[in-house]
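Given next are the chains, with one letter for each unit.
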Amino acid sequence: MSDEDDCPPLCDLEAMVDSNGEDEEWEVAEEQNDPVHCLFCELISPTMTVAIRHAKQQHDFDLAGVRRNFHLDEYSYIKMINYIRREKPKPELFKNIKGSSLPWADDRYLQPVANETWLMFDLDELDEIMLNNGGGSGNGGMLTEKENGNSIGETMTLTTDQYRKLQGIINDLTAQLREKENLLQHASSSIEKMKESFRNVLAEQQQPSVDEDANVNEENKGGDKKLEQIKRKLQHCVSSVSVDDDQSYFNTYSHFGIHHDMLSDEVRTSSYRDAILRNTDIVKDKTVLDLGCGTAILSMFASKAGAKEVISVDQSDIIYQAMDIVRKNNIENIRFVKGRLEDTELPVEKVDIIVSEWMGYFLLFEGMMDSVIYARKKYLREGGLILPNRCNISIAGYGDLERHNEFIGFWQDVYGFDMSCMKKEVLREATVEVCKPEHIITNANIIANFDLMEVDVDCPNFSYDFALTVKRNTHLTALVGYFDTFFELPEHIEFSTSPYSRPTHWKQTIFYLEEPVPVKEGQSITGKFVCRRDPKDVRSLFINIEILNMVLKYTLN
């Protein structure tokens, strides 16, 4: 066999000239893409544009029509291409699919086929290609209504701008329809969850038997209290918020800058790496859930440690980049699920290990611990592990007069104007900064301790009576909050966000006093620290601190 016989034929370049003998706008020289192997035959096209046209003309596979008919987003498009490559269906299949059950719906089709050019295609470019090529019909952008091959009515020619506007309207309406379908889906899911919750409550409050009549009133009171507690918990946790109302939280994690900050935080990332890779006996052959996977760095650590399978879940769009990262690193046992865990069904019934970097500023800000608790209750196998498994929060007295003057005293004289009326609002916002250890002027108190295998969603609501002993004569300007994190495994790993430790992207949380207060060595500063969720925003916190005959109020939002 000659070398020529070894190579599949390239698309005939003469076909790139239209019926009038004029070169089409999409010349090969203008499109610098890799050769594209047809989805249904051995033909290789020089560009994606030529491949899309070939599929429509030779196989009656209209990618634009398929995208519309099945509401393909990037996620489902990837699964469809992998399905075609693996199962090799006939193109006629795509005209015969009925109902909402798609043959490529299984998440196993997220595992990419190597060196697949179709997976690199940006669906957003499809409209541009179809516009430049008259929708592949050869009519130069002219829209004609036809029925049974005959024209009905007059041919309408649109300018490019008109066509673009019309296409934009269609795309907007399609997106709105998809959004409404999602809302209905989530509403249905929420209703089912509420029904199940109340069924459980009612089951626990069955009518007592005759010989228990004497205790009926007391039991009903207890049942009412329990019902009230359940209602309160359901109303003040992340799962009670609709995905749409919660989307702004996830959108912040679609920006690459925040992932750079987290990945370059060596304390954070190396601690997770060491906890997983130094405990491979714990991870090997286990099913791992990476909750809030982001760039999938923890998923890849788990895969490297020998996990049988890793389920990576994230609601933000960063998950699409994570898929590319995993594919580029040739990792095959990571399966991605896009969605908020509370509104998503995983492809497995139970997992052996939950790993998640869920901690926010002052540990509890952002409320992602709720999702870890939900995952533990619904998906963690009995005897399973959560990594990390324990965290605590500490506070200490702080005395940095220079920084207090820069931040709070600043408003006294702003370019010659008195803006001290601003101080009250500025003081209400807890700030996140790196504190200097030399300005810590008291011992620390651990004010909250969280065992992730035991805590419930009401754990952000706590109070603690503290007593801080002053180390030297100085001024108290603030209280500082920080947290410690523990992976209690055979190879123990822990890290701290204390001012005495290497700085992390979490820094420390500072609760400034309005004015510095003189304190003396050995003095005991007593008070009460009260933390509560913001009832209007479950991811935010209200903090009250009773100290030195003052009641100070702060927000973390």
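**So, the packing of aromatic side chains**
Two aromatic rings are characterised by how far apart their centres lie and by the angle between their planes. Here the structure, examined in full by the defined rule, presents 19 aromatic pairs. For the ring pair Phe 410 and Trp 411, a centre distance of 5.0 Å and an interplane angle of 85° mean the geometry is edge-to-face. On the accessibility criterion, Phe 410 (39% relative accessible area) is partly exposed. Under the relative-accessibility criterion, Trp 411 is labelled buried at 18%. With 5.2 Å between their ring centres and 70° between their planes, Phe 511 and Tyr 554 make a pair best called edge-to-face. Pair noted here: Phe 511 is in strand 16 (residues 508–519) and Tyr 554 is in strand 19 (residues 550–556), with a separation of 43 residues, a long-range link. As far as the burial class goes, Phe 511 and Tyr 554 line up, both buried. Through a chain of ring-to-ring contacts, the aromatic side chains of Phe 40, Phe 61, Phe 70, Tyr 83, Phe 94, Trp 104 and Tyr 109 assemble into a single cluster. The ring of Phe 486 has Arg 390 sitting right over it, with the charged end atom 4.0 Å from the ring centre.

**Considerations on the sheet that holds strand 19**
Here we have four strands laid out as an open sheet, ordered 13-17-18-19, and antiparallel in their pairing. Edge strands, defined here as strands with exactly one partner in the open sheet, are strand 13 (462–469) and strand 19. Averaged over all neighbouring strand pairs, the angle between strand axes comes to 20°, with direction disregarded. Note that strand 13 and strand 17 (residues 524–534) share eight bridges and pair antiparallel. The residue of strand 17 that forms the bridge with Leu 468 is Ile 525.

**A closer look at the confidence of the model for the chain**
Looking at the chain, pLDDT values average 79 and 71% of them are 70 or higher. The low-confidence segment residues 230–235 (pLDDT under 50) makes nine contacts with residues lying over four places distant or belonging to another chain. Below a pLDDT of 50 lies the segment residues 245–251, which in the model reaches twelve contacts outside its immediate sequence neighbourhood of four places, other chains included.

**Quick word on the nonpolar core**
Note on soluble globular proteins: their nonpolar side chains tend to be buried together. Ranked by internal contacts, the top residues of the largest apolar core, which has 122 residues, are Met 80, Trp 104, Trp 118, Phe 336, Ile 393, Phe 450 and Phe 529. Ignoring sequence-local partners within four residues, the contact set of Trp 104 consists of Phe 70, Leu 72, Ser 76, Lys 79, Met 80, Tyr 83, Phe 94, Ile 97 and Tyr 109. Counting 13 residues, the second largest nonpolar core, distinct from the first, contains Val 426, Leu 427, Ile 440 and Tyr 512.

**Overview of the pattern of salt bridges**
A complete count under the given rule lists 22 salt bridges for this structure. Asp 107 is the salt-bridge partner of Lys 79, the closest N and O atoms lying 3.2 Å from each other. You can see Lys 79 sitting in helix 4 (residues 74–87) and its partner Asp 107 sitting in the loop between helix 5 (93–96) and helix 6 (126–132), a full 28 residues away along the chain. Relative accessible area serves as the criterion here: at 7%, Lys 79 is assigned to the buried category. Here Asp 456 and Lys 377 are joined by a salt bridge, their closest N and O atoms 2.9 Å apart. Remark: Lys 377 occurs in helix 15 (residues 369–379) and Asp 456 occurs in the loop between strand 12 (440–451) and strand 13; sequence separation between them is 79 residues. By relative accessible area, which is 23% here, Asp 456 ends up partly exposed. Among the ionic contacts, a cluster of salt bridges with common partners joins Glu 87, Asp 106 and Arg 108.

Thresholds, definitions, all that
- Residues numbered from 1 in each chain as written.
- Predicted model: local features only at pLDDT ≥ 70, side-chain atom pairs only at ≥ 80, totals over all residues.
- Heavy atoms only, no water.
- Phe/Tyr/Trp six-rings, centres within 6.5 Å; stacked < 30°, edge-to-face > 60°.
- Buried < 20%, exposed > 50% of the residue type's maximum accessible area, 1.4 Å probe, protein only.
- Helix = DSSP H or I, 4+ residues; strand = E, 2+ residues; numbered from the N terminus.
- Lys NZ or Arg CZ within 6 Å of the ring centre and 35° of its normal.
- Pairing = 2+ DSSP bridges.
- Axes fitted to C-alpha atoms, helices over the stretch in contact; angles between N-to-C directions.
- pLDDT = per-residue confidence, 0-100.
- Contact = heavy atoms within 4.5 Å.
- Core = buried A, V, L, I, M, F, W, Y, C linked by side-chain atoms within 4.5 Å.
- Salt bridge = Lys/Arg side-chain N within 4 Å of Asp/Glu carboxyl O.

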